[in-house]
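As a plain string of letters, each chain reads:
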Amino acid sequence: MEKFQKVMQMTLSFKERIPISEALRKAEGDRVLIAGWVHTVRVVGGVSFVVIRDRSGMVQCVAKKNVNPEAFNIVKELGSEDVVAVKGSLISSKASLGGKEIVIDEIYVISRAAKPVPIDPDDWEKTSLATRLDWRFLDLRSPRNRVIFEVTDVAINAMRDFYRSNGFIEIFTPKIVAEATEGGAEVFPVIYFDRNAFLAQSPQLYKQMMVISGFERVFEVGPVYRAEKHHTNRHLTEYESVDIEMGFIDDHEDVMRMVERAVQHTIETVSSKYGKIVEEYFKIKLDTPKYVPRITFREAHKLLESNGFKQPDPNDIDSEGEKALGEIIEREYGTQLFYVTEYPWVKRPFYTMKKDNDPNYTKSFDLIYRGMEIVSGSQREHRAEVLESQIKEKGLSVESFNFFIRVFRYGAPPHGGSGLGLERLVAQMLGIKNIREARLLPRDPERLTP
Ligand code: 4AD
């Protein structure tokens, strides 16, 4: 080790390093410096082979015993996930990844991985999700698993671009709050000095306040917290919410049009940048749904019933129902993206506007993508006295929400907005079955580490 460190100090500078994908584009005979993690090692007779992986790709490097005995010996002793750097020249090799390999001139061992490596990144499919998440930093060495978060990055930037170019500004609101926004029980308490506080379930009330403050159109991307003891494949206790709120709307349909265009733009952007990679790793085609039909909650129930799916709760659509509805709509309308509108008042939060002549139903919507709800939204009640009575109707304390209600007494335009679960969108785009896979370091009722 000492020897390598000495050699490194003298001759190795990462400033000369190029990504493996770039090295593979070089001509035969070109000299390159690459570095990364050891993927596999093989010795066949007098030749040792090491496949090295960096974030851009993989390449096989070779050392012949009779040409470069020192490199041959170093490669032979390498283990999975060691970090190495290689200086060498490219040669064509039909049998190799990318049609080329690197003949090693010098190899440097930079960091040794302990043995055995607890999970083999190449074998992620054979490893349980729980174990993968325990060893997430190793799980992410698998290129397929990193793609999930590269897609997340592309998706969130597409969404930010879309909203900015439509006149929204990004805001940042408190995550330590005094009141639950989405309903009573599902909040995490926090000890805030000598008072009780909560982790925010949503930026709901603040985004509405900022519309009324005069920004008119705002969005926020941030973590939200739900103390739901759900053990499902679609619930996390901490997830990334993409919230929007817009003023001067005629009704919830204005919000829906904005949101569907944002989602279409996001899928389109991911598809154009990552479509091929997604198909290769996830075996799924990313088409942008062009047509987004709307059906009312009541029509959805009828449709489910006539197709033999009984819903246990007449005021709700459960996950099985959403899935079935997704299949029915795809069959009948040829699209995987659609809205269910006008949910019952009993199931929507206090700030939701009721329908004018039909107060048991609301000006609300859910957006369903590939059989799962990814967005929820509505027009909001902006009339202070109605808002106050709705707070009472939901059995909440007017006093606790006074900081919110008073805002509406000083000029509040009609407005509405929505919240999108980023992990759900990404999971559905990639056909991932368990939402935990789409969160870098997920939190659920059992998991608080790593
Ligand atoms: O339906 P939700 O709770 O609505 C709100 O938060 C409202 N403030 C939104 C609004 O503007 N009216 O959550 C919105 C979205 C859901 O459609 C879903 O995609 C995601 O957030 N979501 C979750 N994702 C992961 N884990 C959970 N426990 C989630 N709960 C909701």
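Remember, it's a predicted structure, so these values are computed and weren't measured experimentally.

**Q** Help me get a handle on the site of the ligand, residues and values and all.
**A** Looking at the ligand, there are 24 residues lining it, with Glu 182, Gln 204, Arg 226, Glu 373 and Arg 380 nearest. Here an oxygen atom of the ligand sits 2.9 Å away from a polar atom, N or O, in the main chain of Ile 374. Here an oxygen atom of the ligand sits 3.3 Å away from a polar atom, N or O, in the side chain of Ser 376. Protein burial of the ligand: of its 620 Å² of free accessible surface, 92% is covered by the chains. If you list the elements that add at least two residues to the shell around the ligand, you get helix 7 (204–215), strand 11 (238–247), strand 17 (372–379) and strand 18 (415–421). Among the elements that line the shell around the ligand, the one with the most residues is strand 17, at five residues.

**Q** Give a description of the environment of Gly 371 that names residues and reports values.
**A** Note on placement: Gly 371 falls in the loop between strand 16 (364–369) and strand 17. Residue Gly 371 is classed as buried on the basis of its relative accessible area, which comes to 11%. Distance in space between the C-alpha atoms of Gly 371 and Phe 338 is 9.3 Å, their sequence separation being 33 residues. For Gly 371, the residues in contact, after removing those within four places along its chain, are Glu 322, Lys 323 and Gly 326.

**Q** Lay out the pairing of strand 15 (residues 358–362) with the relevant residues and their values.
**A** Look at any regular strand and the pattern is simple: side chains alternate between the two faces of the sheet. When strand 14 (residues 354–355) meets strand 15, the two strands line up antiparallel, connected through two bridges. Bridging across to strand 15, Lys 355 finds its partner in Asp 358. Here strand 14 hands over to strand 15 after two residues, the two strands then running antiparallel side by side.

**Q** Tell me what's going on with the pattern of salt bridges, and back it up with residues and numbers.
**A** Applying the stated criterion across every chain yields a total of 38 salt bridges. Put simply, Asp 139 and Arg 132 hold a salt bridge, and the shortest N to O gap is 2.6 Å. Take Asp 139: its relative accessible area is 1%, and that puts it in the buried class. Take Arg 132: its relative accessible area is 3%, and that puts it in the buried class. Glu 170 is the salt-bridge partner of Arg 164, the closest N and O atoms lying 2.6 Å from each other. Through salt bridges that share partners, Arg 132, Arg 136, Asp 139, Arg 144 and Glu 437 make up one connected network.

**Q** Explain the sheet that holds strand 2 (residues 47–54) to me, and be specific about the residues and the numbers.
**A** Pairing is mixed around the closed barrel formed by five strands, whose spatial order is 1-2-3-5-4. Ignoring which end each strand starts from, the neighbouring axes of this sheet average 55° apart. Examined bridge by bridge, strand 3 (residues 57–64) and strand 5 (residues 100–111) share three bridges and lie parallel to one another. Bridge pairing in strand 5 places Gln 60 opposite Glu 101.

**Q** Lay out the packing of aromatic side chains in plain terms, naming residues and giving numbers.
**A** The tally for this structure, following the rule as stated, stands at twelve aromatic pairs. Between the aromatic rings of Tyr 291 and Tyr 333, the centroid separation amounts to 6.4 Å while the plane-to-plane angle is 45°, which identifies the pairing as tilted. Of this pair, Tyr 291 sits in the loop between helix 8 (252–282) and strand 12 (294–296) while Tyr 333 sits in helix 10 (residues 319–333), placing them 42 residues apart in sequence. On the basis of relative accessibility, which here comes to 37%, the residue Tyr 333 falls in the partly exposed class.

Calculation criteria
Residues numbered from 1 in each chain as written. Predicted model: local features only at pLDDT ≥ 70, side-chain atom pairs only at ≥ 80, totals over all residues. Heavy atoms only, no water. Near = heavy atom within 4 Å. Polar contact = N/O pair within 3.5 Å; in protein donor to acceptor, adjacent residues only side chain to side chain. Areas by Shrake-Rupley, 256 points an atom, 1.4 Å probe, with all protein chains shown as cover. Helix = DSSP H or I, 4+ residues; strand = E, 2+ residues; numbered from the N terminus. Buried < 20%, exposed > 50% of the residue type's maximum accessible area, 1.4 Å probe, protein only. Contact = heavy atoms within 4.5 Å. Pairing = 2+ DSSP bridges. Salt bridge = Lys/Arg side-chain N within 4 Å of Asp/Glu carboxyl O. Axes fitted to C-alpha atoms, helices over the stretch in contact; angles between N-to-C directions. Phe/Tyr/Trp six-rings, centres within 6.5 Å; stacked < 30°, edge-to-face > 60°.

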